[in-house]
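Residues per chain are reported as follows:
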Amino acid sequence: MKMMNSSMISEFVLLGLTDTWELELFFFFIFLLAYAAIMAGNLLVVVTITLDSRLHSTPMYFLLGNLSFLDMSISTITAPKMVADFVRKNKTISLWGCMAQMFFLHFLGGSEMTLLIVMAVDRYFAICKPLHYTTIMNHQVLRGSVLLSWAVGFVHTMSQMVFTITLPFCGPNIVDNIFCDLPLVIKLACTETYVLELLVIADSGLLSFISFILLLISYIVILVTVRRQSSGGLSRALSTLSAHITVVTLFFGPCIFIYAWPFSSFSVDKFLSVFYSVITPLLNPIIYTLRNQEMKAAMSRLRRWEAHSLVIGASRSLWLLPAELGQRGTLGLPLLLVSGLRVLIAVSI
């Protein structure tokens, strides 16, 4: 798709969080550590679910692994650029780089929104229809649900970007945020954008608000159904749903206020943008692992498996060394000590 020839500017300037050097240096280290924690935490969830056969065959954890992948991707779209800009004098992004950032941000955001709805449906069948749960949420349904979430995300972003990339941008080119996003960028176009702003509100804001309300209603229906069936099961259901409700609130809250609520304060938008792209992906793996005994047990099994593999590898090397000592003479002795040390470290793990 071709951009109109009236587009005169070639880049946008991102103002970021602050223009004070001391604060920028402080934010650089804070968000660099946060991004590293996001990648490590979500990657640990994905690897644990992938390698543990018990979790991988469970619908909830299959969906959770996909959620962690989306969180890593959303954060990667925005955080590295934001961190690098803290130590740069010129905080610029190319015109097409800005368009790509908005495309993938809404593509992945729309996919995650759909996936959270699928996870709510999964919890409904798991809690309210336990006897038919594995039959309903089979592998074919799960794969179809994940593909559906990606398809919805693609349609969601294309419905907005197809109009945005044809806008003429002739100045100003200053975006008062940490990354490019539709509500701020379309205001810089050298043409009337009232209809497109309404489309963004309807497509992103209103859709996020309606989905959030429907999800809350579904959780209330689950709790009411469980209470009618068994009063003792209400506490267990509430414990199971608390993590999902927290994640849904963390995801949809900033989306609703950014796209549906007409904030005039850019500082509020910046805070919500940081929350959406950094804080939420950072908290999600913590929420799903700290209170989840199955995830903790799977991580323990993974650690024991790694330790066992290390012991076998070190022991094999130690077993083969005596045959080499005769060929290497006294030089084989340090190798023997190193191998023995590896075995001791592996056993101590």
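Further up the page is the structure itself.
The structure displayed is predicted, hence computed values, not measured ones.

J.: Help me understand the sheet that holds strand β1 (residues 11-14), please; the structure alone is not making it clear to me.
T.: Working definition: the strands of a sheet are paired by backbone hydrogen bonds and lie parallel or antiparallel to each other. Ordered by their spatial adjacency, three strands build an open sheet running β2-β1-β3, and the pairing between neighbours is mixed. In this open sheet, the two strands that pair with only one neighbour each are β2 (92-94) and β3 (174-175). Pairing of β1 with β2, which is carried by three bridges, proceeds in the antiparallel orientation. Bridge pairing links F12 to I93 in β2. Along the sheet face, helix α4 (residues 95-128) touches β1 and β2 and points at about 85° away from the line of β2.

J.: So what exactly am I meant to see when it comes to the packing of aromatic side chains here?
T.: For any pair of aromatic rings, geometry is given as the distance between the ring centres together with the angle between the planes. Following the criterion strictly, the structure yields 17 aromatic pairs and no others. Where F103 meets F154, the ring centres are 6.4 Å apart and the plane angle is 80°; that geometry is what we call edge-to-face. A residue pair is termed long-range when its members are at least 10 positions apart, and F103 in helix α4 and F154 in helix α6 (residues 139-164) qualify at 51 residues. Taking 5.1 Å as the distance between ring centres and 85° as the angle between the ring planes, the aromatic pair formed by F251 and F252 counts as edge-to-face. Assigned by exposure class, F251 and F252 land together as buried. Taken together, F69, F103, F104, F107, W150 and F154 form an aromatic cluster joined through their ring pairs.

J.: Looking at this model, I keep getting lost on the state of the cysteines. Mind explaining?
T.: Two cysteines, two sulfur atoms, one covalent bond between them: this is a disulfide. Counted under the stated rule, the structure contains two disulfides. Across the disulfide, C98 is cross-linked to C180 (sulfur-sulfur distance 2.2 Å). Given an S-S torsion of about -125°, the disulfide between C98 and C180 has left-handed geometry. In this pair, C98 is assigned in helix α4 and C180 in the loop between β3 and α7 (182-185), connecting sequence segments 82 residues apart. Residue classification places C98 among the buried residues on the basis of a relative accessible area of 0%. Residue C180 is classed as buried on the basis of its relative accessible area, which comes to 0%. Disulfide partners in the chain, listed by the sequence order of the bonded cysteines, are 1-3, 2-4.

J.: Would you mind going over the packing of helix α1 (residues 21-51) against helix α3 (residues 59-85) with me for this structure?
T.: Packed helices, taken two at a time, are described by the angle their axes make and the gap between the axes. Close contact between α1 and α3 brings their axes to 9 Å; oriented N to C, the two are set at 160°. Compared by their axis directions, α1 and α3 come out roughly antiparallel. Helix-helix and strand crossings are classified by hand; for α1 and α3 the assignment is left-handed.

J.: Would you mind going over the pattern of salt bridges with me for this structure?
T.: Inspection of the entire model under this criterion finds six salt bridges. For D85, the salt bridge goes to R88, with nearest N and O atoms at 3.6 Å. You can call D85 buried: its relative accessible area is 4%. Its salt-bridge partner being K270, residue D176 comes within 2.8 Å of it at the nearest N-O pair. A residue pair is termed long-range when its members are at least 10 positions apart, and D176 in the loop between β3 and α7 and K270 in helix α10 (residues 266-290) qualify at 94 residues. We classify K270 as buried; its relative accessible area is 13%.

Parameters at a glance
The written sequence of each chain sets the order in which its residues are numbered from 1. Totals for whole chains, interfaces and linings use every residue, but because this is a predicted model, local features are given only for residues with pLDDT of at least 70 and side-chain atom pairs only at 80 or more, for both listing and counting. Side-chain measures were taken over the full set of non-hydrogen atoms in the model, leaving aside hydrogen atoms and water. Note: two strands are recorded as paired if DSSP finds a minimum of 2 bridges between them. The numbering of helices and of strands both runs from the N terminus, where a helix is a DSSP run of H or I of at least 4 residues and a strand a run of E of at least 2. Any two residues whose heavy atoms approach within 4.5 Å at even a single point are treated as in contact. Only the contacting stretch of a helix is used when fitting its axis, a line to C-alpha atoms as for every element, and angles between N-to-C directions run 0 to 180 degrees. Here a Phe, Tyr or Trp ring, Trp counted by its six-membered ring, pairs with any other such ring whose centre lies within 6.5 Å, and the pair is stacked when the planes are under 30 degrees apart, edge-to-face when over 60, and tilted otherwise. Burial status follows relative accessibility: with a 1.4 Å probe on protein chains alone, a residue under 20% of its type maximum counts as buried, one over 50% as exposed, and anything between as partly exposed. Note that a disulfide, as used here, is simply two cysteine sulfur atoms within 2.5 Å. Oblique is the label for any angle not under 35 degrees, not over 145, and not in the 65 to 115 range, which are roughly parallel, roughly antiparallel and roughly perpendicular in turn. Throughout, a crossing is termed right-handed when the near helix is turned clockwise from the far one, and left-handed when it is turned anticlockwise from it by less than a right angle. Between Lys or Arg on one side and Asp or Glu on the other, a salt bridge is scored when a side-chain nitrogen of the former is within 4 Å of a carboxyl oxygen of the latter.

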